Structures are given as structure tokens and as C-alpha cells.
Amino acid sequence: MGDAARYAAPIGLVVVFVAFFIATPDFLTVDNISDLLVSAAILLVLAMGQQLVVTVAGIDLSVGSNLPWAAAVLGFGYSHGWGLAVSILAAVLAGLLVGVVNGVLVARLNMTDFIVTLGSLSVVSGLTLLLTGGNTVPVNSSFLQGLALDGIGPLRWFWVVAALVALVVGFLLFRTRTGTYFLATGGNIDAARESGINVSRIRLLAYAGSGLACGLASVLLVARTGGADPSLQTDLLLSSIAAVVLGGSSLFGGHASVLGSAAGAVLLQSLINGFTLIGISQYYQPIAVGVVVLGAAFISRFQK
């Protein structure tokens, strides 16, 4: 079971690809795989932020509202003449701000991460509705349209952005002293503190990183949909957690796998893509994701 927990995402990805290839010849086409990876890019970026939090034995439930909040800030700024560059920067900073606030409450004030981020989920959702009036804000930008549709040769820009985010997170966790502190804090917070690690700062950085990931993902979301939708993204919240755990990371912290989390994100998006192709109702899709979340939680018990 320990090996199953470690390799759940790649094994599951192979099984899903084979199953849908048998079910429909449209699944393993170049165009479909390209669109699948574009859709998975948003989830992958969110999963990288969630990876940082889970590594320090935390959880960020505010992702479900932070993503539309940052997107709403982008839409608000663009519709009020701020210019695209300033609006994108404002969106990224808005996502980062939520992460920093979560980090301060959890790391500095020693509040329970579940309660803090659940509260943030509600508060930020309300702020988003106030900012947008509950309506989708259209963002008609040729640059964002190009970001969603174009690329370098066969490489789509969404893939490039997601890959860069994954590389940065991987470098941080496995090639820097700060990354070692992340892993140590998640593995045993008391031992990390006794060894001189500023665990409060590390935990704050983890939540700030998750908020920053939400800000970046919001730009991709607006580029893909052409507008800022204030609706809660609870499906992406659940999927970001499931992707990390499926990738081999333990919910108890101290272990991380960037490649595994990326594979987990692609796996979850493959399920939705495959169900759509074979004509299964969209009402069954959250059930499938929920089952995967439960399975991910179960196999995480065997992580050492």
C-alpha cells in the first residue's frame, strides 16, 4: 500500500487513458489531448500552491473562493480602465493577499488552518459577490485570447505557464534550504523548531504561495472563459487537494512530489474529459471526483 500511495497518480493515469481509449477513439487524439492539458493547466497551478501548504501539514480551503476573487479583481480593473497589465498584477496580488492573511492567522496567531481557511472561503466569496454584483464580468482581450489559444509550435501557452510554475515549486522544495525547512516543518514541527527553523515564517510562506498560485491561476481562468465568474470553485478546491495526495504527498506533511501532483491534476481532468466524450452526464462528474478524493485520503494513511 505504501507503493500504491506513492505511485497512485501515474498508475491511475495509465488506467484512465487505457479505459477511455477503449471506450472512445476520440480520447487519444492530438486535439483532445491538447485541450485536456490546457484544461488541466489551471488545476495544476492550483495544485502546486496546495502542495506547498500540504507539505507543511496544512490545508487551504480558501482556494475555492480565492480563485474567483482574484479573477473578479482582474475583471473589475480591466472594466474600469486600469489596463490589462495592471489588472493582471492586481489579480495576482489579490490572490497573494488572501494567502498572506491565512498565513498570518495560522502561523502567527496559531489558529487552526481548517477553521481559518474555511472562514476565508466564506468571507472572500462574499467580497467577490460585492465586487461583481454577482454577475460575470466580461474581459475581452486579444492577449488573453492568445494566451488561451496559441503557443509555440505544438506547445500551448497554458502548458508553458503550468510547467514553469511546477518547475519553480520543485526547485524551491528540493533545491533550496527553504524547501528543506518546508519538509522538516511538515515532518515534525517541534523538532524543526528545536533545530532553529522559524516554523512560523515557513508556514506563512506556504499559505502565501498558495494564494499566489490562485492569483496566477485566475489569469488563466479568465483567459480561458473570457470573463470573471464570481461563482465558488469548490470542484477545483477538492481537485487541488486530491491531485496533491494522489501524487504521493501525505496529508500529514513532510513529503512532497511535484511530478506526482502534476500527474494527479492531469488524471482528474482526464476523468472529466473522458466522461464528456462518452456522454456521461455532468452530474456524475463531481461524484467521480469525490470518490477520488476519498480514495486519495485513504491511501494517504499508508504514507510514511
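Rules of the game
- Residues numbered from 1 in each chain as written.
- Predicted model: local features only at pLDDT ≥ 70, side-chain atom pairs only at ≥ 80, totals over all residues.
- Heavy atoms only, no water.
- Helix = DSSP H or I, 4+ residues; strand = E, 2+ residues; numbered from the N terminus.
- Rg over C-alpha atoms; globule rule 2.2 N^0.38 Å.
- Contact = heavy atoms within 4.5 Å.
- Areas by Shrake-Rupley, 256 points an atom, 1.4 Å probe, with all protein chains shown as cover.
- Lys, Arg positive; Asp, Glu negative; His and termini not counted.
- Charge placed at Lys NZ, Arg CZ, Asp CG, Glu CD.
- 1 Å grid on protein atoms, 1.4 Å probe; cavity = no way out; pocket = protein on both sides within 12 Å on 5 of 7 lines; lining within 4 Å.
- Points joined across faces, edges and corners; volume = space filled by probe spheres on them.
- Nonpolar A, V, L, I, M, F, W, Y, C, P; charged D, E, K, R; others polar.
- Core = buried A, V, L, I, M, F, W, Y, C linked by side-chain atoms within 4.5 Å.
- Buried < 20%, exposed > 50% of the residue type's maximum accessible area, 1.4 Å probe, protein only.
- Salt bridge = Lys/Arg side-chain N within 4 Å of Asp/Glu carboxyl O.
- Axes fitted to C-alpha atoms, helices over the stretch in contact; angles between N-to-C directions.
- Parallel < 35°, antiparallel > 145°, perpendicular 65-115°, else oblique.
- Left-handed = near helix turned anticlockwise from the far one by under 90°.
- Polar contact = N/O pair within 3.5 Å; in protein donor to acceptor, adjacent residues only side chain to side chain.

This next bit is on the overall build of the protein chain. Of regular secondary structure, the protein chain possesses 14 helices and 4 strands. The C-alpha atoms of the protein chain give 19 Å as radius of gyration, which agrees with the globular expectation for 304 residues (19 Å, within 12%). Residue pairs in contact within the protein chain that sit at least 24 positions apart in sequence constitute 79% of those at least 6 positions apart. Entry remark: accessible area of the protein chain is about 13,700 Å², with carbon and sulfur atoms responsible for 68%. Between the centroid of the 11 positive side chains of the protein chain and the centroid of its 11 negative side chains there is a distance of 14 Å.

Approximately 510 Å³ is the volume attributed to the largest pocket. Broken down by secondary-structure element, the contributors of at least two residues to the lining of the largest pocket are helix H3 (30-55), helix H11 (199-225), helix H12 (234-246), helix H13 (258-277) and helix H14 (285-300). Looking at the lining of the largest pocket, its residues break down into 10 nonpolar, 8 polar and 2 charged.

Within the secondary structure, Ser270 sits in helix H13. Residues within four places of Ser270 in sequence aside, it is in contact with Leu13, Val16, Phe17, Phe20, Phe27 and Leu36.

This part is about the nonpolar core. Generally speaking, soluble globular proteins have nonpolar side chains that are buried together. In terms of nonpolar packing, the biggest core is built from 80 residues, with Leu144, Phe158 and Leu268 touching the most fellow members. A total of 14 residues in this core trace back to one element, the largest contributor, which is H3. Excluding residues that lie within four positions of it along the chain, Leu268 makes contacts with Leu43, Ser239, Ala242, Ala243, Leu246 and Val292. Counting 6 residues, the second largest nonpolar core, distinct from the first, contains Val73, Ala90, Val98 and Val124.

This part takes up the pattern of salt bridges. Under the definition given, this model contains 2 salt bridges. Here Arg156 and Asp35 are joined by a salt bridge, their closest N and O atoms 3.7 Å apart. Linking Arg156 in strand S3 (residues 155-156) with Asp35 in helix H3, this pair joins segments that are 121 residues apart in sequence. Note that Asp190 is salt-bridged to Arg193, the shortest N-O span being 3.3 Å. Highlighted residues: Asp190 and Arg193, both in helix H10 (residues 189-194), separated by 3 residues, approximately one helical turn. Looking at Asp190, the relative accessible area reads 49%, which means it is partly exposed.

Moving on, we come to the packing of helix H2 (residues 8-23) against H13. Close contact between H2 and H13 brings their axes to 9 Å; oriented N to C, the two are set at 20°. As judged from the angle between their axes, H2 and H13 are roughly parallel. For the crossing formed where H2 meets H13, the hand is left-handed. The segment H2 lies against H13, with Ala9, Pro10, Gly12, Leu13, Val16, Phe17 and Phe20 engaging Gly260, Ala263, Gly264, Val266, Leu267, Ser270, Leu271, Gly274 and Phe275. Looking at the contact of H2 with H13 residue by residue, the class counts come to 11 nonpolar, 5 polar and no charged.

Another aspect to go through is the side chain of Thr117. As for its placement among the helices and strands, Thr117 is situated in helix H6 (residues 113-132). Within the structure, Thr117 has its side chain in polar contact with the backbone nitrogen of Leu61 (distance 3.2 Å).

For Tyr78, the position within the fold is in helix H4 (residues 63-79). Residue Tyr78 is classed as partly exposed on the basis of its relative accessible area of 27%.

Moving on, we get to the environment of Leu172. Structurally, Leu172 is set in helix H8 (residues 157-175). On the accessibility criterion, Leu172 (26% relative accessible area) is partly exposed. Spatially, the C-alpha atom of Leu172 lies 9.3 Å from that of Phe182, the residues being 10 residues apart in sequence. The contact partners of Leu172, leaving out residues within four places of it in the chain, are Leu52, Thr178 and Gly179.

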